[in-house]
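Read off the chains here:
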Amino acid sequence: MTVLPDDGFSLAADFPDTSHEQWQRLVAGVLRKSGRDVPDAAAEEALSTALEDGLTARPLYTSDNGAAGAGYPGFAPFTRGGRPEGGVVSGWDVRQRHDRPDPVRTNEAVLADLENGVTSLWLSVGESGVPVPEIATALDGVLLDLAPVVLDAGDAFGAAADRLLRLYEKRGVEAASGNLGADPLGHAARTGAYGSVPERTAEAVALARRVRDSHPGLRTLTVDALPYHEAGASPAQELGCSLATGVALLRGLTEAGFSVEDACAQLEFRYAATADQFLTIAKFRAARRVWARVAEASGAPAAGAQRQHAVTSSVMMTRRDPWVNMLRTTVASLAAGVGGADAVTVLPFDHALGLPDAFARRIARNTSTILVEESHVGRVVDPAGGSWYVERLTDELAHAAWEWFQEIERAGGQLAALRAGLVSERIAAAWQARGTALARRREPVTGVSEFPLLSQAPVERDPAPAGPSGGLPRVRRDEAFEALRSRSDAHLAATGARPRVFVAALGPPSAHTARASFTANLFQAGGIEPVHDPVTVDASSAARAFTASGAEIACICSSDALYAEQAAPVAEALKAAGARRVYLAGRPGEWRESCERAGVDEFVFAGGDAVAVLTLALDRIGVA
């Protein structure tokens, strides 16, 4: 075999260097061909995507866009990971959640999970899970020196922690790791019980003092950002609230005599991981960076390696077509792992429907197993490091989170900001903006707002315990469309048929297929069944076909050219046949006035408010 000499040969040597300006010019040329006349310098802005928190995703990133100061894994500012080796040894901690109130059935599920890949347990205790006196039953047969336990006991964290600690003593084991789950501010955010925070914080500090010597590997406090995420917070708002909460607990611990290093060691941070892969990666990296800044300002820069627990987002989980949730949680858990989370909880795909069954728990735990064992994601230190896009996004998100954190601190801290309504108002505004994107399907929800399947039988599960309430709300991406689908379900139960829309397609399939498909997709998102029979109608056949369809509303679909010729007479025929509302698919053109005079009530098109259109459609049909 001939070995070529190392003469500096480069595969790109025969290609000329190109400049940023040349790229912009080429892109602007393509945009002009598509009908968008933009200057060369504006081509990049035309293709940029606005994100939450005022961030922007650009179409091209170069070394000029990278952010400096990421450091090295295991060293401040810990952007690249809290451990020098990353997840190379064993990947991340696979942590499964259990919130079934029956301690015996919980124990069966716990043992099955531990035998099949789970490495730690997240146990809901108290009103939302296993009764506090039954913790020992739920953990019967669990090797507590090998399987870390994380408690989620809400206001009962003191009693739950005492039970678990006594169980450790009874079995004569020392907890190598785990978390007792004291979270006074997070519980107050969920319940609105702000008056109890000082007392509960003092109780948590006393608990930390109790376990510091007897179980040095056991953490006491959780900085839970999920209440803010589940209320609709943006990524920067979620991070900022977690920072303010962490600082409040840090103050409480140091005032009680803990060193900054010991106080930081008592905290574990919990964040949501979503199917927005790059934002999730950037969020976990940015969270470590901003907490490292807090530790540095507190005089202990080496103690700023934030311990992170990622939980796949409940906000993104849908009740309709829940099988798609498997795909969402796979992307979310991958992003959390790539972002450097220490522990990852994959919520079962049926989480939004109630208590998961054995199959759902199996798929949830196997998601992490495949990523760690088969895809080897955990064998790479900071997989996203060096990506100019990820580095830039991390930097921008960190700055946005820090700005929000400073505003909370100026308001008196997290508790004061919650009491004053600052946190709830900002989160509500962020969710309102996102709700608009969801309603207009600019943020699609597969199986709900896009490509719904009306014939799918509902998935039934045992009801889950009611979680704490009274504070920040809990939102879901599917909630507006779920309300529409529920109306359709009730109509089906009462009448034996779903509400229908007649698809009045004009001309050959080549002219109407695109808009007919759009129309069917749109109305099915509201639980309205499209009837496209016959394939094509005209002014002479539209009325007869509409009557035969059993629909009460109709939508005309075709090309702009055929709209100019046929839309008006077809609309007149549909109105004469009794259509309560006539739609036309497409943005209005030159034929708008003639169509409106003929009876077209509304134009439907991509980017329009689908929720408003569907709500009015159900109202016109008479669906309660």
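Please refer to the structure placed before this passage.
Scope of this entry: the structure provided in the associated data block. (Residues numbered from 1 in each chain as written. Predicted model: local features only at pLDDT ≥ 70, side-chain atom pairs only at ≥ 80, totals over all residues. Heavy atoms only, no water.)

### Considering the sheet that holds strand E8 (residues 267–273)
Item 1. Reading around the barrel, the 8 strands line up as E3-E4-E5-E6-E7-E8-E9-E10 and close back on themselves, with parallel pairing between neighbours. Between one strand and the next, the sheet's axes are offset by a mean angle of 30 degrees, whatever the strand orientation.
Item 2. Where strand E9 (residues 308–312) lies against strand E10 (residues 343–345), 3 bridges are found, and the strand directions are parallel. Bridge assignment links His 309 to a residue of E10, and that residue is Ala 343.
Item 3. Running at roughly 155 degrees to strand E6 (residues 178–182), helix H5 (residues 157–171) makes contact with strand E5 (149–152) and E6 of the sheet.
Item 4. The strands that helix H9 (residues 235–255) touches are strand E7 (219–224) and E8; relative to E8, the one it contacts most, it runs at about 170 degrees. (Pairing = 2+ DSSP bridges. Helix = DSSP H or I, 4+ residues; strand = E, 2+ residues; numbered from the N terminus. Axes fitted to C-alpha atoms, helices over the stretch in contact; angles between N-to-C directions. Contact = heavy atoms within 4.5 Å.)

### What to know about the sheet that holds strand E12 (residues 529–531)
Item 1. The strand order E12-E11-E13-E14-E15 describes an open sheet built from 5 strands, whose pairing is parallel. If you trace the sheet from one side to the other, it starts and ends with E12 and strand E15 (602–604), each paired once. On average, each strand axis in the sheet is inclined to that of its neighbour by 30 degrees, with strand direction left out of account.
Item 2. Note that strand E11 (residues 500–505) and E12 share 3 bridges and pair parallel. When the bridges of E12 are listed, Arg 500 appears paired with Glu 529.
Item 3. Across the sheet, helix H22 (residues 610–621) lies against E11, strand E13 (553–557), strand E14 (581–585) and E15, angled at about 150 degrees from E14, the strand it touches most.

### Section: the packing of helix H17 (residues 479–495) against H22
Item 1. It is the contact of H17 with H22, at a shortest axis distance of 10 Å, that shows an interaxial angle of 15 degrees. With respect to H22, the element H17 is oriented roughly parallel. Between H17 and H22 lies a crossing whose hand is left-handed. Listed contacts from H22 to Ala 480, Phe 481, Leu 484 and Arg 487 of H17 are Ala 610, Val 611, Leu 614, Thr 615, Leu 618 and Asp 619.
Item 2. Grouping the constituent residues of the contact of H17 with H22 by class yields 7 nonpolar, 1 polar and 2 charged. (Parallel < 35°, antiparallel > 145°, perpendicular 65-115°, else oblique. Left-handed = near helix turned anticlockwise from the far one by under 90°. Nonpolar A, V, L, I, M, F, W, Y, C, P; charged D, E, K, R; others polar.)

### Examining the nonpolar core
Item 1. Core analysis: the largest hydrophobic core is formed by 108 residues, its most contacted members being Leu 139, Tyr 168, Leu 180, Tyr 228 and Trp 291.
Item 2. Per element, the largest residue contribution to this core is 10 residues, and it comes from helix H14 (residues 388–410).
Item 3. Discounting chain neighbours no more than four positions away, the residues touching Tyr 228 are Leu 185, Ala 189, Ala 233, Cys 241, Thr 245, Gln 414, Leu 418, Val 423, Ile 427 and Leu 472. (Core = buried A, V, L, I, M, F, W, Y, C linked by side-chain atoms within 4.5 Å. Buried < 20%, exposed > 50% of the residue type's maximum accessible area, 1.4 Å probe, protein only.)

### What to know about the pairing of E11
Item 1. Across the 6 residues of E11, 5 count as buried, placing the element largely inside the fold.
Item 2. Remark: the E11/helix H18 (residues 509–524)/E12 crossover connection has right-handed handedness. (Right-handed = clockwise from strand over helix to strand, strands pointing away.)

### With respect to helix H1 (residues 20–33)
Item 1. Between its first and last C-alpha atoms H1 spans 20 Å; for 14 residues at 1.5 Å apiece the expected length is 20 Å, and the two agree.
Item 2. The complete set of buried residues in H1 reads Gln 24, Val 27, Ala 28 and Leu 31. Seen from one end, H1 has its buried residues packed into an arc of 105 degrees, which puts them on one side. Those residues of H1 that are exposed and angled more than 90 degrees off the buried face are Leu 26, Val 30 and Lys 33.
Item 3. On the buried face of H1, the contacting elements are helix H2 (43–46).
Item 4. Note on H1: the residue one or two positions beyond its end, Gly 35, has a positive phi of about 95 degrees. (Expected span 1.5 Å × (residues − 1). Arc of directions from axis to C-beta.)

### Here we look at the side chain of Ser 313
Item 1. Position of Ser 313 among the secondary structure elements: in the loop between E9 and helix H12 (324–339).
Item 2. A polar contact is formed between the side chain of Ser 313 and the side chain of His 229, at a distance of 2.7 Å.
Item 3. Engagement of the side chain of Ser 313 in a polar contact is seen with the backbone nitrogen of Val 315, the distance being 3.1 Å.
Item 4. Those residues in contact with Ser 313, other than ones at most four positions away along the chain, are His 229, Ala 272, Ala 273 and Thr 274. (Polar contact = N/O pair within 3.5 Å; in protein donor to acceptor, adjacent residues only side chain to side chain.)

### Let's talk about H5
Item 1. In this model, H5 (15 residues) spans 21 Å end to end at C-alpha, consistent with the 21 Å of a helix rising 1.5 Å per residue.
Item 2. Among all positions of H5, only Phe 157, Gly 158, Ala 160, Ala 161, Leu 164, Leu 165, Leu 167 and Tyr 168 are buried.
Item 3. Where the residues of H5 are buried, they touch helix H4 (135–138), E5, E6 and helix H7 (197–214).
Item 4. Immediately downstream of H5, the backbone of Gly 172 shows phi near 70 degrees, a positive value.

Function cannot be inferred from these measures alone, as they are strictly geometric.
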